[in-house]
Amino acid sequence: MSNSYHIAIIDDEFSICVSIEQSLFIEGYQVSVFNDMDSALSSMKKTLYDVAVIDIRINNESGIHLYQEMQKLALDIPVIFISGNASLQEAAESLKLGAYDFLEKPFSPQKLHVTIKNCIAYYETKNKLDLLKSKENNCILGEHPKIKKLRQEIKKIAQSTAVVLISGESGTGKELIAQSIHEQSDRASKPLVKVNCSALPEHLVESLLFGHVKGAFTGADKNKKGFFEMANHGTLFLDEIADMPLKAQSALLRALENHEIQKVGSEQIITINTRVVFASFKNLKQAVEEGKFREDLYYRISVIPIHSPALRERLSDLSILVDFLMTRICERNGIAKKNLEPECLTLFAQYAWPGNVRELNNILERMVILGGDLLTTQDIPIDIINASSAILDKNESDNLTWKAYRQKMEKEFLDNHLKKNQGNISKMARQLDIDRTYLHRKLSQYAIKKG
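Residues numbered from 1 in each chain as written. Predicted model: local features only at pLDDT ≥ 70, side-chain atom pairs only at ≥ 80, totals over all residues. Heavy atoms only, no water.

**Quick look at the overall build of the protein chain**
Moving on, step 1. Summing up its helical and strand segments, the protein chain has 20 helices and 18 strands in all.
Moving on, step 2. Computed over the C-alpha atoms, the radius of gyration of the protein chain is 28 Å, more than 25% above the 22 Å expected from 2.2 N^0.38 for a compact globule of 451 residues.
Moving on, step 3. Considering only C-alpha atoms, the protein chain reaches an extent of 90 × 50 × 35 Å along its principal axes.
Moving on, step 4. Burial statistics for the protein chain: of 451 residues in total, 46% are counted as buried.
Moving on, step 5. In the protein chain, the proportion of contacts linking residues at least 24 apart, taken out of those at least 6 apart, comes to 70%.
Moving on, step 6. Carbon and sulfur atoms form 49% of the exposed surface of the protein chain, whose accessible area is close to 23200 Å².
Moving on, step 7. Taking the average location of the 57 positive side-chain charges in the protein chain and that of its 58 negative ones, the two points are 7 Å from each other. (Helix = DSSP H or I, 4+ residues; strand = E, 2+ residues; numbered from the N terminus. Rg over C-alpha atoms; globule rule 2.2 N^0.38 Å. Buried < 20%, exposed > 50% of the residue type's maximum accessible area, 1.4 Å probe, protein only. Contact = heavy atoms within 4.5 Å. Areas by Shrake-Rupley, 256 points an atom, 1.4 Å probe, with all protein chains shown as cover. Lys, Arg positive; Asp, Glu negative; His and termini not counted. Charge placed at Lys NZ, Arg CZ, Asp CG, Glu CD.)

Structure (structure tokens):
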């Protein structure tokens, strides 16, 4: 076992602590010993421990109370309780709260070693599974050149520790980009804390970012961890950074420059190792010119800029996105997989999608829930149809019947995709997720040349 694993021992019996510390040290662990709850909790706020071994009774106080305080402070440390005189009720309560295990004294060093080893293995496996599940549900899909380039940039950026600024319209997936950067970095097993700056109350921004101590202001009835501390050794994603108040921007700049934070109401300086990823749909350069955003902060956060393209810039990805989103929507709602008739994609391709992928997801969810097994153009909201028809020349569309209008769009859609696929029918059928025979029939119907 590598000594990279750090174990905290909290027990008021000096002899027990010495015995445990020596046996764990021999096994290669790094060990910190505490004989009271206050010093243990203070250390946990600053140090990342892999496991905490806590006595159920510490100086006539409850170790369970210490665990509850850890949970309130979002200290995600696996806990193993030990005791020589705990009741069955206390043992059950500790496990109910989420402790990994309960060992009754006296126990052998081997028993403790095995329990700690299994605890670490369990939580590492759990974190990996959570990460895999997250990747499955939050992947950046598409084969458009802009998306391929974006994935390549993310892969390179993830290997660095540089500050990143993600730009792009609302609904294009800026949060997914931040998550992908985190998941491909060596911080993947550590926290990713997501914050929407536009939702932060102005008078509490610094407290929420950096934390505060008890009594710092009216209502501060206990010490509180800020977002930077929560994301220590991980990644902090600050979305809509343009909406952060100027006063808080100054404090944020200091944290980025010095890798240090100071809680509101405290004189103590805390060193942090937090990677920060920013995002904004607003033009930050313009905000600087208007005096709404600090120029020095802008240059500090835009070290590595990355752009999330709008959906209308990559309409060739529509079929891929639609298939993925519909599958996920059906699974989440407990609905059997539904299909979409090709004419719907034709209409979608004529729409500008101002809300981007988020809007596409919302439209599809409405269609899936309200529509039948086969979703048709009749299931598409009328405002989407009306907006799509506006793309056609007004005089021409005024003289078309619904059937003629639909056929015109379908013909243009198929013709465009055939050209993009350089006449490759099989590739086009796979991309549009339709049967190859059906595609041949449609191309013949509209007399679209395949070569």
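**Remarks on the nonpolar core**
Moving on, step 1. The biggest cluster of nonpolar side chains holds 38 residues, and the ones touching the most others in it are L340, F348, L360, L364, M367 and L414.
Moving on, step 2. Only α13 (318–332), α14 (342–349), α15 (356–370), α16 (382–389), α18 (402–420), α19 (425–432) and α20 (436–445) provide two or more residues apiece to this core.
Moving on, step 3. Per-element accounting of this core gives the leading share, seven residues, to α13.
Moving on, step 4. Beyond its immediate chain neighbours, meaning those up to four positions away, L340 contacts V322, M326, L345, F348, M367, L374 and L375.
Moving on, step 5. Grouped together as the second largest cluster of nonpolar side chains are 35 residues, V163, C197, I261 and I270 included. (Core = buried A, V, L, I, M, F, W, Y, C linked by side-chain atoms within 4.5 Å.)

**A word on the environment of D373**
Moving on, step 1. Inspection of the secondary structure puts D373 in the loop between α15 and β18 (374–375).
Moving on, step 2. Residue D373 is classed as exposed on the basis of its relative accessible area, which comes to 66%.
Moving on, step 3. Taking C-alpha positions, D373 is 55 Å from H259, a pair spaced 114 residues apart along the chain.
Moving on, step 4. Contacts of D373, omitting those with residues within four sequence positions, involve K338 and N339.

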